[in-house]
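Observations on the model geometry
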Amino acid sequence: MDIKLRSGTPEDAETCGNICFEAFGAISREHMFPADIPTPEVGVGLVSMLLSHPGFYSVVAEVNGKVVGSNFLDERSTIAGVGPVTVDPAVQDHGIGRALMHDVIARAADRGNPGIRLLQSAYHNRSLSLYANLGFQVRDLLACMQGTPPKGEVAGYRVRRATTADADACATVCRRVHGHDRTGEVNDAIAQGTALVTEHDGRISGYATDLAFFSHAVGESNEDLKALIMAADAFAGPGILVPTTNAELFQWCLERDLRVVQLMTLMTVGLYTPPQGAYMPSVLY
């Protein structure tokens with residue numbers, strides 16, 4: 001195929017959004033899992049946001065002048081996050097996804113990002129193989145969990161809405177746990193009114209940009225994450241992403257009747273520091 005790549009524009013939102021819906025729907029139906037993008041409207045809304053946000057890089061693939069796929073790179077933080085990468089099901093397995101991935105990898109290299117990360121559905125063998133062939137390594141296995149948030153409090157931990165004055169403290173917690181901060185995402189979440197922080201011993205010890213599929217949380221301990229989970233009204237999207245390697249937190253969620261929707265793998269290229277604390281990634285990383 002004669003694949004041409006170009007930058008995405010807001011005018012691509014409808015076409016790319018529908019491809020996003022169709023691509024996720026096709027692979028989830030094939031494996032009998034619920035789709036991450038449940039309706040065309042959700043796909044168009046997501047892609048429209050990504051195309052209009054200055055913190056995201058976009059690339060669109062065309063074949064014979066027709067848009068057949070897209071990919072995005074979250075550039076809001078030191079570590080770049082890939083996705084969603086989607087290709088029209090009618091032309092999959094012709095190297096389009098690989099071309100879209102090569103493009104964002106090159107973009108991150110040009111920007112000097114020390115690392116790139118992504119999550120992929122564990123049932124999707126083709127994407128796992130593609131990313132591994134591109135040099136990505138599996139770092140963790142995540143359970144996407146959904147259900148009614150358990151209610152209660154953790155003794156000694158107070159949860160409240162985050163404000164702009166909390167951004168530096170959130171960055172400190174993230175650097176302590178991950179070795180880098182995610183201030184761009186935190187600032188967006190504070191502006192949107194979804195960010196929460198936990199306070200323990202008179203200081204901020206954890207935060208969440210939201211309790212949602214496209215949001216992340218970081219805490220010095222599992223108690224921070226438990227407090228944040230119990231403060232949620234609902235888990236937006238397919239669910240929250242809980243590391244199965246964190247047996248205590250995973251079992252705590254199961255004991256409170258949260259159910260596993262699917263498993264996902266965290267994959268990385270470049271800089272990676274094993275977390276020194278508790279975390280829940282977003283679907284990007």
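Everything that follows concerns the structure shown earlier in this document.
Below: a short report on this structure. The structure presented is a predicted model; accordingly, all values stated were derived computationally and were not measured.

Parameters at a glance
- Residues numbered from 1 in each chain as written.
- Predicted model: local features only at pLDDT ≥ 70, side-chain atom pairs only at ≥ 80, totals over all residues.
- Heavy atoms only, no water.
- Helix = DSSP H or I, 4+ residues; strand = E, 2+ residues; numbered from the N terminus.
- Rg over C-alpha atoms; globule rule 2.2 N^0.38 Å.
- Buried < 20%, exposed > 50% of the residue type's maximum accessible area, 1.4 Å probe, protein only.
- Lys, Arg positive; Asp, Glu negative; His and termini not counted.
- Charge placed at Lys NZ, Arg CZ, Asp CG, Glu CD.
- Core = buried A, V, L, I, M, F, W, Y, C linked by side-chain atoms within 4.5 Å.
- Contact = heavy atoms within 4.5 Å.
- Pairing = 2+ DSSP bridges.
- Phe/Tyr/Trp six-rings, centres within 6.5 Å; stacked < 30°, edge-to-face > 60°.
- Lys NZ or Arg CZ within 6 Å of the ring centre and 35° of its normal.
- Patch = residues over 30% accessible without salt bridge, like charges linked within 9 Å, V, L, I, M, F, W, Y side chains within 5 Å.
- Areas by Shrake-Rupley, 256 points an atom, 1.4 Å probe, with all protein chains shown as cover.
- Salt bridge = Lys/Arg side-chain N within 4 Å of Asp/Glu carboxyl O.
- Axes fitted to C-alpha atoms, helices over the stretch in contact; angles between N-to-C directions.
- Parallel < 35°, antiparallel > 145°, perpendicular 65-115°, else oblique.
- Left-handed = near helix turned anticlockwise from the far one by under 90°.
- Nonpolar A, V, L, I, M, F, W, Y, C, P; charged D, E, K, R; others polar.

**A few points about the overall build of the chain**
Assigned secondary structure in the chain consists of eight helices and 14 strands. Relative to the compact-globule value of 19 Å for 285 residues, the chain shows a C-alpha radius of gyration of 18 Å, a close match. Going through the 285 residues of the chain one by one, you find that 55% of them count as buried. Counting 22 positive and 32 negative side-chain charges, the chain places the centres of these two groups 3 Å from one another.

**Re the nonpolar core**
Counting 26 residues, the largest nonpolar core has Leu-119 and Leu-241 as its most contacted members. Filtering out sequence-adjacent residues up to four positions away, Leu-241 remains in contact with Leu-119, Leu-142, Ala-143, Cys-144, Phe-213, Met-264, Met-280, Pro-281, Ser-282 and Val-283. Core analysis: the second largest hydrophobic core is formed by 24 residues, Ala-143, Val-154, Ala-208 and Ala-232 among them.

**Digging into the pairing of strand 6 (residues 115–121)**
Side-chain direction in a regular strand flips from residue to residue, so the side chains alternate between the two faces of the sheet. Burial analysis of strand 6 places seven of its seven residues in the buried class, the great majority of the element. Here strand 6 runs beside strand 13 (residues 259–270); their pairing, made up of seven bridges, is antiparallel. Directly across from Gly-115, in strand 13, lies its bridge partner Gly-270.

**Remarks on the packing of aromatic side chains**
Between two aromatic rings, the relevant description is the distance of the centres plus the angle of the planes. This structure, assessed with the given rule, holds three aromatic pairs. Centre to centre, the rings of Phe-33 and Tyr-123 are 4.4 Å apart; their planes meet at 10 degrees, and the pair counts as stacked. One end of the pair, Phe-33, is in the loop between helix 1 (13–31) and helix 2 (40–52); the other, Tyr-123, is in the loop between strand 6 and helix 4 (125–133), with 90 residues separating them in the sequence. For Phe-33, a relative accessible area of 31% puts it in the partly exposed group. For Tyr-123, a relative accessible area of 12% translates into the label buried. Sitting over the ring of Tyr-285, Arg-182 keeps its end group 3.8 Å from the ring centre.

**Details of a nonpolar patch on the surface**
Taken together, Leu-141, Leu-254, Val-260 and Leu-263 make up a surface patch of nonpolar side chains, about 280 Å² in accessible area. Inspection of the secondary structure assignment puts Leu-141 in strand 7 (residues 137–146).

**Remarks on the pattern of salt bridges**
Summed over the entire model, instances satisfying the criterion amount to 19 salt bridges. As a salt-bridge pair, Asp-181 and Arg-175 come within 3.2 Å of each other at their nearest N and O atoms. Arg-175 sits in the partly exposed class, given a relative accessible area of 40%. One salt bridge connects Glu-185 with Arg-182, and the closest N-O pair in it is separated by 2.8 Å. No difference in accessibility class separates Glu-185 from Arg-182, as the two residues are buried. The structure contains a network of salt bridges with shared partners spanning Arg-158, Arg-160, Asp-166 and Glu-199.

**Considerations on unusual backbone geometry**
The omega torsion of the bond from Gly-83 to Pro-84 falls at 0 degrees, within 30 degrees of zero and hence cis. If you trace the backbone, Pro-84 turns up in the loop between strand 4 (80–82) and strand 5 (86–87). Unusually for a residue other than glycine, Asp-93 sits at a positive phi of about 70 degrees. Note that Asp-93 resides in the loop between strand 5 and helix 3 (96–111). Since its relative accessible area comes to 63%, Asp-93 is described here as exposed. For Asp-257, which is not a glycine, the phi torsion comes out positive at approximately 70 degrees. Its place among the elements puts Asp-257 in the loop between helix 8 (247–255) and strand 13.

**Some words on the packing of helix 3 against helix 4**
Between two packed helices, the angle of one axis relative to the other and the distance separating the axes together describe the packing. Relative to each other, helix 3 and helix 4 sit at 40 degrees, their axes nearing to 11 Å. As the angle between them shows, helix 3 and helix 4 are arranged oblique. Where helix 3 crosses over helix 4, the two elements pack in a sense that is right-handed. Facing Gly-97, Arg-98 and Met-101 of helix 3, the residues of helix 4 in contact are Leu-130, Tyr-131 and Asn-133. For the contact of helix 3 with helix 4, the class distribution of residues is three nonpolar, two polar and one charged.

**Some points on the sheet that holds strand 8 (residues 158–161)**
Sheets are built from strands paired through backbone hydrogen bonds, the pairs being either parallel or antiparallel. What the five strands build is an open sheet, ordered 8-9-10-11-14; its pairing is antiparallel. Edge positions in the sheet fall to strand 8 and strand 14 (278–280), since each has one partner strand and no second. The mean angle between the axes of side-by-side strands here comes to 25 degrees, regardless of whether they run parallel or antiparallel. Bridge count between strand 10 (residues 203–208) and strand 11 (residues 217–219): three bridges; the pairing is antiparallel. Residue pairing in the sheet places Gly-206 in a bridge with Gly-219 of strand 11. Where helix 5 (residues 167–178) meets the sheet, it contacts strand 9 (196–200), strand 10, strand 11 and strand 14, and its direction lies at approximately 80 degrees from that of strand 10.

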